[in-house]
Amino acid sequence: MEPSLGDGGDLTVAELDRNAETLDATDQASARSRLIESGKRTGSMLVDVFRDDRMGQAGLAILLVFALTGLFAPLVVPHEPTEINRGDDGTTLRLDAPSAEHPLGTTNMGRDVLSQLMVGARVSLIVGFLAAFMAVTIGVNVGLISGYYGGWVDDLLMRITDIAYGLPFLPFVIVLVFLMGPSLLSIIIVIALLLWRSTARVIRSQVLSHKQRPYVESAQAVGASNLRIMYRHILPNVLPLAFLYGAFSVAWAVIAEASIAFLGFGDPAMMSWGQMLFEAYTADAIRFAWWWVVPPGVSIMIMVMSVFFIGRTLERVTNPELRHAE
Amino acid sequence: MTLLELDDLKTYYRTEDGWVQAADGINLELDENETLGLVGESGSGKTTVAKSLIKLLPDNAEIVDGEIRYKGADLTDLSMREIRNRIRWKEISMVPQNAMNGFDPVYTVGNQIVEAIQVHEPETSDAEAWGRARDLFDELGLDEDRVDDYPHQFSGGMAQRAMIALALAVKPSLILADEPTTALDVVIQDRILRTIEELQDEFDTAMIMITHDMSVVSESCDTIAVMYGGRLVEYADADTIIKNPRHPYTLGLRNAFPDITADDQELISIPGTPPDVVDPDEGCRFAPRCPFAEEECWEETPEPREFDDGHIVECHRADEAPLLREEAARKETWQQVAETEEPAQSPAGGASDD
Amino acid sequence: MGLREYIVRRIFQLLVTYWAFLTIIFVLFRVAPGDPTSMFVMDGLTGEQREREIARLGLDQPLHVQYVEYITQLLSGNFGTSFRYSEPVWDVLVVKFWNTILLMGTALIVAYILGITFGALLGWYRGKKVEKVGIVAGLVARSSPEFWTGIVLLSIFAFWLGWFPSGGMRSVGAEIGSFGERYFSADFVYHMVLPVLAGAIYYMATPLLLMRNTMMDILKADFIEVKKAEGLPERRILYRHAARNSILPIVTVAAIVSGTAIGGSLIIETVFNWPGMGREMIESVTYNDYPMAMGTFFLMGSVVIFMNFIADLAYVYLDPRVQYD
């Protein structure tokens, strides 16, 4: 179907093959111990890789700060995010510049920006991780089944993936969110509904290369069921790659959620960074109220970046060559 | 006439652990139209020596000492730019180990030959350059029309021929052939070696053939240099190396490859792996794997000694050659090293050149 | 399997994908909402008017009849009448379609030229300081959603420095003449600079980082060493051989990136008030103009599917090793 190179797969596939090579040391081990072993291997590899990668550590640290902020925001916010703050003279504090009382100033409605910012971390985190988790779960399963069974199953699933690639992401999401109603849950589902496609493709190509390996053949020879081979034998080997795509998916999901909110289709009940920018933009505040615009924008950027940093580190697990090179 | 002369060439690699002495004090001579076999296991430094000539070395490599006199000029004095414009391909070209991977997959072979011609001879017209590419194909026994084929459309043997055509494109005086036939089966290997020999006469080209395979060099080389752990351990004309080798390592190498003419020859391999040559200690580098190593070998680095008629050997026991030859032919001699040596001296990884 | 057969097969796949896409639109816009009639019939009609309108649109027919009718209508370019404009959707969209294609197409081309060039350089100068800076810059660009990049650009170049207009497609009072006058005037280009830049910065990151990674792999290939040994100038090896080989995977993602860009038009056109499909879609969805929303979605999806197809064909052309199996 897809164009492929004479020497076995296109370039990215070749690359993946090579990655897979190193994860293959225990071909002969039994299925059970393989699973445990490879889990441990992946685990200790993760620890090792993060230990000597400052970028990855920074990513984890930033994410942790955001997570703690989101978790404890309701308890520690200086003001209620929706509260309309008033000055000493009783008038609404509209677009008040940063002060001791409002470290990041107020919005045009007199609401405290810092409080909104802190609460907003939750939406990004919830949507980012849940949507990514759903997307990767779908993607890994589609990739596994498609790659392992081949034939018409593969054909069918890959056509479906092609179709998913044919749908323009943001327009699809907007239409669906609109039809389903702008709740957090529908946003998560809709994002996951398209986000799985890249994971599916990449997992499939790695499964294809694993299918040829002796450990799969010997498992088949001793009569292991297909399900068992797929999930017990092959899955552990493609797991590191799934983690990598999980990290990327988190990044895309965070960006997607922010974009949806910025376009005015976010969950109105939950303050998010994208929504803050939407309100600031519609209030035409970007000309004069930098304190309202910069914090949410920078926060989105930093959160996505931290996830990419983690992704880069995970990339070294899946592609050991990078580990020595950089 | 002498074409190339290496005088005490030292090419080292900088690593975190220290200097890897990949080529350490190499002295060689090559006449015009002559073929030199550079033999050794991977990691012996043979590729480093060859690549030093055209400065095709990784960033962390450095020619720390010595001279490379080529047609009277010292190549180590030339800048990268001069090497690129005047030496590479024009004077010294190269045939890589795997020809198929040596071509850029997205251009036709002819296109790449023409590119080489026109870069070095910019005045050549397209038509003329393509004509030359076709002639070269013809010369190498390939169908002229195949210049328009892409590399992946060639078989291994044909790709190797096409690569030789590329190497001859601007008529160099020296070709570096890095294991030019190892990827091929024996019959094709033989035919290609013969083609190379013929063309060498015709194009009047010298060659350095880099290989680990004694049988290849014995057939097609005039002189042979054996390298081990960055040192040149034995150097003489091909006949002498084949018939009267004096270095235990050469003896071992000879055992490892079959002589097609002799029946029932038992193959014996040298136990152990090439040495780690990061800031090596005093002593013979081969001692850990040498069945004949004595106290002296561990403590003192042997100096090159000349035996009859330019036969250079770097071994303390080189003058006991007849005895060594006899012993080395027996399998037990080598097994004994494996048994005694392995636990004590665990071999470290090879040098970084291959 | 020969080239021709391969292309025929791809065309067949294209048709299947396209059919699936049309069906998805049908399901989304006619079947998914509880009462499809409410979507396609304007509010504020009397009961009788409403019935007549429903009958006219064929919404009282069985679903499969509606489906066939819908497909034929779409394929003949009839998307219905916009509620907001009271004009055929197609007439409204034709102009906006080109506004979007020009804007996003330019952004994509700029992104690809910059991404490939810088990505190739980063791969070539790996391990140097330049590379580190480049990677971080690439990551920052990719981590900033288009609306954020757009807002930053607006703040700096429109509001602070005042170099470029803050939005719109042409200055007030500018003459709108023929197609050529509309798109090839200095005023148009002047208005296009910031939105193109906002898009290009975001879309550049993918080809840039991918190009670098592939370059690093390609540079390890044997043939690069042979080209060096051939004495070819570095620049020639970098561009004619290493970059040329690294471009293959970039072509594959071009389709994906252009899909992102089509979707990105929603954001960039909103930020910069660009009168294109993207902004139209947001507005039509906000104002319940279903025929219009459907039309924009249809056009956007068509572009993405078409780009995927083109990318596949380009791949065949760029890589002589492709086997059509």
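Residue indices begin from 1 for each chain and proceed along its sequence in written order. Chain labels run from A onward and ligand labels from 1 onward, assigned in the order the entries are written. The predicted nature of this model means local features are confined to residues of pLDDT at least 70 and side-chain atom pairs, given and counted, to a pLDDT of 80 or more, with totals for whole chains, interfaces and linings taken over all residues. The side-chain figures draw on all heavy atoms in the structure; neither hydrogens nor water molecules are used.

Overview of the overall build of chain C
Put simply, the test is: Numbered from the N terminus, helices here are DSSP runs of H or I no shorter than four residues, and strands are runs of E no shorter than two. Note on classification: 1.4 Å probe, protein chains only; a residue is buried when its accessible area is under 20% of the maximum for its type, exposed when over 50%, partly exposed between these limits. Here, two residues are considered to be in contact whenever any of their heavy atoms come within 4.5 Å of each other. Note on areas: Shrake-Rupley, 1.4 Å probe, and residue coverage restricted to the protein chains presented here.
For chain C, the helix and strand inventory stands at 13 helices and zero strands. Its helices and strands in sequence order give chain C the pattern α-α-α-α-α-α-α-α-α-α-α-α-α, from N to C terminus. Within chain C, the fraction of its 325 residues that count as buried is 52%. Partitioning the intrachain contacts of chain C with sequence separation of at least 6 by distance along the chain shows that 74% fall at a separation of at least 24. Accessible surface for chain C amounts to roughly 13,900 Å². Of this, 65% is attributable to carbon and sulfur atoms.

A closer look at the overall build of chain B
Formally: All tallies of charge rest on Lys and Arg as positive and Asp and Glu as negative; His and the ends of each chain are not included. Working definition for charges: the position is that of NZ of Lys, CZ of Arg, CG of Asp or CD of Glu.
In terms of helices and strands, chain B carries 13 helices and twelve strands. Considering only C-alpha atoms, chain B reaches an extent of 65 × 45 × 40 Å along its principal axes. Long-range pairs, those at least 24 residues apart, make up 67% of the contacts in chain B with a sequence separation of at least 6. In the form shown here, chain B has an accessible surface area of approximately 15,100 Å², with 44% of it arising from carbon and sulfur atoms. Positive and negative side-chain charges in chain B, numbering 30 and 76 respectively, have mean positions lying 3 Å apart.

Examining the environment of Phe292 of chain B
Residue and element names in this part refer to chain B. In this fold, Phe292 is placed in the loop between α10 (248–256) and α11 (295–299). Exposure remark for Phe292: the relative accessible area of 6% places this residue in the buried category. Each C-alpha atom, one on Phe292 and one on Val39, is 21 Å from the other, the two residues being 253 residues apart in sequence. Non-local contacts of Phe292, meaning those with residues more than four positions away in its chain, are made with Pro248, Arg317, Leu324, Glu327, Ala328 and Thr333.

Looking at the interface of chain C and chain B
Interface size, as often reported, equals the accessible area lost upon joining of the parts. We apply this condition: The term buried area means the drop in 1.4 Å probe accessible area that two parts suffer when joined, counted for both and summed. Any Lys or Arg side-chain nitrogen located within 4 Å of an Asp or Glu carboxyl oxygen qualifies as a salt bridge.
The interface of chain C with chain B comprises 20 residues on the first partner and 26 residues on the second. The largest per-residue losses of area from chain C upon contact with chain B belong to Ala229, Glu230 and Pro320 of chain C, which jointly make up 26% of the total buried on that side. At the junction of chain C with chain B, the criterion picks out three salt bridges. A salt bridge links Glu115 of chain B to Arg236 of chain C; its shortest N-O distance comes to 2.6 Å.

So, the nonpolar core
To be explicit about the condition: Each nonpolar core is a collection of buried residues, namely Ala, Val, Leu, Ile, Met, Phe, Trp, Tyr and Cys, held together in the definition by side-chain atoms within 4.5 Å. Throughout the structure description, domain borders are defined by an automatic or database domain assignment.
Among the nonpolar cores identified, the biggest contains 169 residues, and Ile191, Ile234 and Leu263 of chain A together with Phe29, Phe147, Tyr203 and Phe297 of chain C are the most heavily contacted of them. Examining the composition of this core, we find that 19 residues originate from one element, helix α9 (residues 226–262) of chain A, more than from any other. Per-domain counts for this core show at least three residues from each of domain 1 (3–75) and domain 2 (91–318) of chain C. Counting 96 residues, the second-largest nonpolar core is a separate cluster that includes Val114, Ile164, Ala165 and Leu184 of chain B.

Comments concerning the sheet that holds strand β12 (residues 311–313) of chain B
All names here are of chain B. In plain terms, the rule: Strand pairing follows a simple DSSP-based rule, namely that at least 2 bridges must link the two strands. Lines fitted to C-alpha atoms define the axes, with helix axes restricted to the stretch in contact, and inter-axis angles between N-to-C directions lie between 0 and 180 degrees.
Spatial ordering of the open sheet is given by β6-β7-β8-β3-β9-β10-β12-β11, a layout of eight strands whose pairing is mixed. Edge strands, defined here as strands with exactly one partner in the open sheet, are β6 (92–95) and β11 (305–307). Each strand of the sheet is rotated relative to its neighbour by a mean of 20°, with strand direction disregarded. Against the sheet, α10 contacts β3 (35–39), β9 (223–228) and β10 (231–237), and its axis sits at roughly 105° relative to β9.

Section: the state of the cysteines
We count it as follows: Our working definition of a disulfide is a cysteine sulfur pair at a distance within 2.5 Å.
Evaluation of the coordinates by the stated rule reveals zero disulfides over all chains. Unpaired in terms of disulfides, Cys315 of chain B finds its nearest cysteine sulfur in Cys297 of chain B, a separation of 6.1 Å.

Here we look at a nonpolar patch on the surface
Here is the rule we go by: Patches in this entry comprise residues that are over 30% relatively accessible and not in a salt bridge; like charges within 9 Å are linked, as are nonpolar side chains (Val, Leu, Ile, Met, Phe, Trp, Tyr) within 5 Å.
Judged by side-chain polarity, Leu64, Leu68, Leu71, Phe72, Leu75 and Val76 of chain A come together as a nonpolar surface patch covering roughly 630 Å² of accessible area. Along the polypeptide, Leu64 of chain A turns up in helix α3 (residues 54–76).

Quick look at the sheet that holds strand β4 (residues 61–70) of chain B
Residues and elements named next belong to chain B. Read across the sheet, four strands follow the order β2-β1-β4-β5 without closing on themselves; strand pairing throughout is antiparallel. The open sheet is flanked by β2 (18–31) and β5 (73–74), the only strands paired with a single partner. Pairing analysis gives two bridges linking β4 to β5, with the strands arranged antiparallel. Bridging from a neighbouring strand, Arg69 pairs with Asp74 of β5. Helix α1 (residues 46–53) rests against β1 (2–15), β2 and β4 of the sheet, and its axis sits at about 115° to β1.

Some words on the confidence of the model for chain B
Basically, it comes down to this: pLDDT expresses, on a scale from 0 to 100, how confident the predictor is about each individual residue.
Averaged over every residue, the pLDDT of chain B is 85; residues scoring 70 or more account for 92%. Confidence over residues 341–354 of chain B falls short of pLDDT 50; this stretch has 32 contacts with residues more than four positions distant or in other chains.

Considerations on the interface of chain A and chain C
How we decide: Counting of polar contacts relies on pairs of N or O atoms within 3.5 Å, with two restrictions inside protein: one atom must be capable of donating a hydrogen and the other of accepting it, and residues adjacent in sequence are counted only when both atoms are side-chain atoms.
Contact with chain A, which involves 55 residues of that partner, is made by 62 residues of chain C. Note on chain A versus chain C: buried area summed over both sides is about 5,200 Å², and carbon and sulfur give 71% of it. For the pair chain A and chain C, the number of links is zero salt bridges. Our count for the contact surface shared by chain A and chain C stands at two residue pairs in polar contact (both at pLDDT 80 or more).

Examining helix α10 (residues 222–229) of chain C
Within α10 of chain C, the full set of buried residues consists of Phe223, Ile224, Val226, Lys227 and Ala229 of chain C. Against β6, α3 (99–102), α4 (109–120) and α6 (156–167) of chain B together with α9 (186–219) and α11 (234–271) of chain C lie the buried residues of α10 of chain C. Phi turns positive, to about 80°, at Gly231 of chain C, one or two residues after α10 of chain C.

Details of the domain arrangement of chain C
Residues and elements named next belong to chain C. Selection criterion: When residues are grouped by polarity, Ala, Val, Leu, Ile, Met, Phe, Trp, Tyr, Cys and Pro land in nonpolar, Asp, Glu, Lys and Arg in charged, and all others, Gly among them, in polar.
We note that the domain assignment places domain 1 (3–75) and domain 2 (91–318) within chain C. Taken together, the contact pairs 17 residues of domain 1 with 15 residues of domain 2. Of the roughly 1,600 Å² buried at the junction of domain 1 and domain 2 (both faces included), carbon and sulfur atoms supply 85%. Our count for the contact surface shared by domain 1 and domain 2 stands at one salt bridge. In this structure, Asp312 and Arg10 form a salt bridge, with 2.7 Å as the shortest nitrogen-oxygen distance. There are two residue pairs in polar contact (both at pLDDT 80 or more) connecting domain 1 and domain 2. Broken down by element, the side of domain 1 that touches domain 2 gets its largest block of residues, 13 residues, from helix α1 (residues 3–31). Tallied by class, residues from the side of domain 1 that touches domain 2 come to 15 nonpolar, one polar and one charged.

Some thoughts on the packing of aromatic side chains
Note the threshold: In summary, the pairing rule links any two rings of Phe, Tyr or Trp, Trp by its six-membered ring, whose centres are within 6.5 Å, and it sorts them by plane angle into stacked for under 30 degrees, edge-to-face for over 60 and tilted for everything else. For a Lys NZ or an Arg CZ to count as sitting over a ring, it must be within 6 Å of the ring centre and within 35 degrees of the ring normal.
For the coordinates displayed, the defined rule picks out 24 aromatic pairs over all chains. With centroids separated by 5.7 Å and ring planes inclined at 40°, the aromatic side chains of Phe164 of chain C and Tyr190 of chain C adopt a geometry described as tilted. Here Tyr190 of chain C lies in helix α9 and Phe164 of chain C lies in the loop between α7 (146–160) and α8 (179–183), a separation of 26 residues in the sequence. Residue classification places Phe164 of chain C among the partly exposed positions, given a relative accessible area of 22%. Positioned above the aromatic ring of Phe154 of chain B is the side chain of Arg146 of chain B, whose terminal nitrogen or guanidinium carbon lies 4.6 Å from the ring centre. For Arg244 of chain C, the ring lying beneath its charged end belongs to Tyr107 of chain B, and the centroid distance is 5.9 Å.

Here's the deal with a negative patch on the surface
Residues and elements named next belong to chain B. Taken together, the side chains of Glu32, Asp135, Asp138, Glu139, Asp143, Glu197, Glu198, Asp201, Glu202, Asp204, Glu219 and Asp222 present a region of like negative charge at the surface. When residues of the negative patch are traced back to their parent elements, those giving at least two are α5 (126–139) and α7 (186–203). Examining the composition of the negative patch, we find that four residues originate from one element, α7, more than from any other. On the secondary structure map, Glu139 appears in helix α5.

Some points on the packing of α11 of chain C against helix α12 (residues 277–286) of chain C
Residue and element names in this part refer to chain C. Applicable threshold: Put simply, angles under 35 degrees are roughly parallel, angles over 145 are roughly antiparallel, angles from 65 to 115 are roughly perpendicular, and the rest are oblique.
Orientation of α11 relative to α12, taken along the N-to-C sense of each, is 90°, at an axis distance of 7 Å. What the angle tells us is that α11 and α12 run roughly perpendicular. Along the contact surface, α11 presents Ser265, Leu266, Glu269 and Thr270, while α12 presents Met277, Gly278, Arg279, Met281 and Ile282. Partitioning the contact of α11 with α12 into residue classes produces four nonpolar, three polar and two charged.

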